Amino acid sequence: MFKPTAVVTGGAGFLGSHLCDRLIKEGLKVICIDNLLTGSTNNISHLFGNENFLFEKHDVTNYIHLPGRIDYILHFASPASPIDYLKYPIQTLKVGSLGTHKVLGLAKEKKARFLLASTSEVYGDPNVHPQSEEYWGNVNPIGPRGVYDEAKRFAEALTMAYHRFHGVDTRIVRIFNTYGPRMRLDDGRALPAFVGQSMRGEDITVFGDGSQTRSFCFVSDLVDGIFKLLMSNEIYPVNIGNPDEITIKEFAEEVIKITKTMSKIVFNPLPEDDPKVRQPNIEKAKRVLGWSPKVSRAEGLKITIDYFKRHLGC
Ligand code: UDP
């Protein structure tokens, strides 16, 4: 039986690996490409030996040679947590620019549908709240986060140019904060940091006064939204995220409560350009994709904290 083939760049990462799982479940063959800079084969080892899965270790900023038919390409390769892109600023800029160019070139050559993983970071430290797709953002190009934000903004521009100039069939998802199993405990993000600290009985490091907000989406909801977008006809960006907004201090208190830790919150300096608020407006995703998130933070946190306990011995 014919099975369409999808390429997932960054397929050994947190989100990429969940996408590989979902695409295989939907009856596709998956070619996962990853240079393992921040991804790990641990995230995809359960797929080794599956006849519908192939892993290629490759850096997509270099020419990509793949023989045969390709129907879909999902471009998820990039360092994506603030700690990671501060550690790898040049690689982050290169994969967003040169890498996106190579992957779009592959999509053009193969006449494949291309989906770009973009981010709520394109909105920067937003002056409009919640953020809808029409908002153009407030990004500091020369600040520490600029390497990620501007790379993704460039990637969006390049995607639209390939669509308009070369007729490539493109999709753009703007991903808001997402959490779930396979996050790295050391990726510096709020949730793994708080869980790791609470397990080790260390202080919980809230940055700033903790009044900044985020809206956390469980990974299965995010992947569902992305799959629906891939199968839709929507060319322009679509926000996918959970609008349930919370302050970071309240979020730390939730983790303390669930993990029953004796750890106390300490307040550390707020990183430069850390957005003060973030919440997706998901009206477009509801309207165009018939999608909205289903997993509550209470349920999602329980699953994720159990994962950390089981897999990371903490
Ligand atoms: N944060 C924190 N303590 C930590 C790690 C992060 O207070 O140990 C804060 C961070 O400053 C930001 C929020 O939690 O305001 C979410 O950070 P994360 O790195 O998860 O994602 P971001 O939305 O900033 O990309």
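Residues numbered from 1 in each chain as written. Predicted model: local features only at pLDDT ≥ 70, side-chain atom pairs only at ≥ 80, totals over all residues. Heavy atoms only, no water.

Draft legend 1. Examining the site of the ligand more closely. Lining the immediate environment of the ligand, one finds 18 residues, of which T205, F207, R214, D274 and R278 sit closest. Side-chain polar atom of R214 to an oxygen atom of the ligand: 2.6 Å apart, as the coordinates give it. R278 places a side-chain nitrogen or oxygen 2.6 Å from an oxygen atom of the ligand. The protein chains hide 96% of the 520 Å² of surface that the ligand would expose on its own. Among the secondary structure elements, those contributing two or more residues to the shell around the ligand are α5 (190-200) and β8 (204-207). (Near = heavy atom within 4 Å. Polar contact = N/O pair within 3.5 Å; in protein donor to acceptor, adjacent residues only side chain to side chain. Areas by Shrake-Rupley, 256 points an atom, 1.4 Å probe, with all protein chains shown as cover. Helix = DSSP H or I, 4+ residues; strand = E, 2+ residues; numbered from the N terminus.)

Draft legend 2. Inspection of the nonpolar core at higher detail. Counting residues in hydrophobic clusters, the biggest one holds 57 residues, and the most contacted among them are L23, L74, F76, F194 and I226. Tallying contributions element by element places helix α6 (residues 219-230) first for this core, with seven residues. Residues contacting I226, with those up to four places away along its chain left out, are L19, L74, F76, L115, V173 and I175. Within the second largest apolar cluster, 24 residues are counted, among which are I70, A107, F114 and Y162. (Core = buried A, V, L, I, M, F, W, Y, C linked by side-chain atoms within 4.5 Å. Buried < 20%, exposed > 50% of the residue type's maximum accessible area, 1.4 Å probe, protein only. Contact = heavy atoms within 4.5 Å.)

Draft legend 3. Spotlight on the side chain of K284. On the secondary structure map, K284 appears in helix α8 (residues 283-289). In terms of polar contacts, K284 uses its side chain to reach the side chain of E234, at 3.0 Å. Aside from chain neighbours lying at most four places away, what touches K284 is E133, E234, Y236, P237, V238 and L289.

Draft legend 4. Quick peek at helix α3 (residues 89-110). Given a rise of 1.5 Å per residue, 22 residues ought to cover 32 Å, and the 30 Å separating the end C-alpha atoms of α3 matches this to within 8%. Residue V95 marks the point of greatest curvature in α3, where the axis turns by about 35°. Restricting attention to buried positions, one finds in α3 the residues T92, V95, G96, G99, T100, V103, L104, L106 and A107. Where α3 is buried, its residues contact β1 (5-9), β4 (72-75), α2 (82-87), β5 (113-119), α4 (146-166) and β6 (170-175). (Expected span 1.5 Å × (residues − 1). Bend = angle between axes of the 7 residues up to and from the residue.)

Draft legend 5. Structural detail: the sheet that holds β4. Taken in spatial order, the seven strands of this open sheet run β3-β2-β1-β4-β5-β6-β11, and their pairing is parallel. At either end of the open sheet lies a strand with only one pairing partner, and these are β3 (53-57) and β11 (238-240). Pairwise comparison of adjacent strand axes, ignoring direction, gives a mean angle of 20° for this sheet. The pairing of β6 with β11 spans three bridges and is classified as parallel. Within the sheet, the bridge partner assigned to I175 lies in β11 and is I240. Sheet strands in contact with α6 are β4, β5, β6 and β11, and its direction is about 160° off that of β6. (Pairing = 2+ DSSP bridges. Axes fitted to C-alpha atoms, helices over the stretch in contact; angles between N-to-C directions.)

Draft legend 6. Structural view of unusual backbone geometry. H129 connects to P130 through a cis peptide bond whose omega is -10°. As for its placement among the helices and strands, P130 is situated in the loop between β5 and α4. Its identity as a non-glycine residue notwithstanding, K111 has a phi of 55°, on the positive side. Inspection of the secondary structure puts K111 in the loop between α3 and β5. Unusually for a residue other than glycine, D273 sits at a positive phi of about 65°. Looking at where D273 falls in the secondary structure, it is placed in the loop between β13 (265-268) and α8.

Draft legend 7. Region of interest: the pairing of β5. Of all the seven residues making up β5, seven are buried; the element is thus mostly covered by neighbouring parts of the structure. Of the two faces of β5, the one holding R113, L115, A117 and T119 and the one holding F114, L116 and S118 are both buried throughout. Bridge count for β4 against β5 is four bridges, and the pairing is parallel. Within the sheet, the bridge partner assigned to L74 lies in β5 and is L115. In this structure, β5 lies alongside β6, joined through six bridges in parallel fashion. Bridging from a neighbouring strand, L115 pairs with R171 of β6. The handedness of the β5 to β6 crossover, carried by α4, is right-handed. (Right-handed = clockwise from strand over helix to strand, strands pointing away.)

Nothing here speaks to function; it is geometry throughout.
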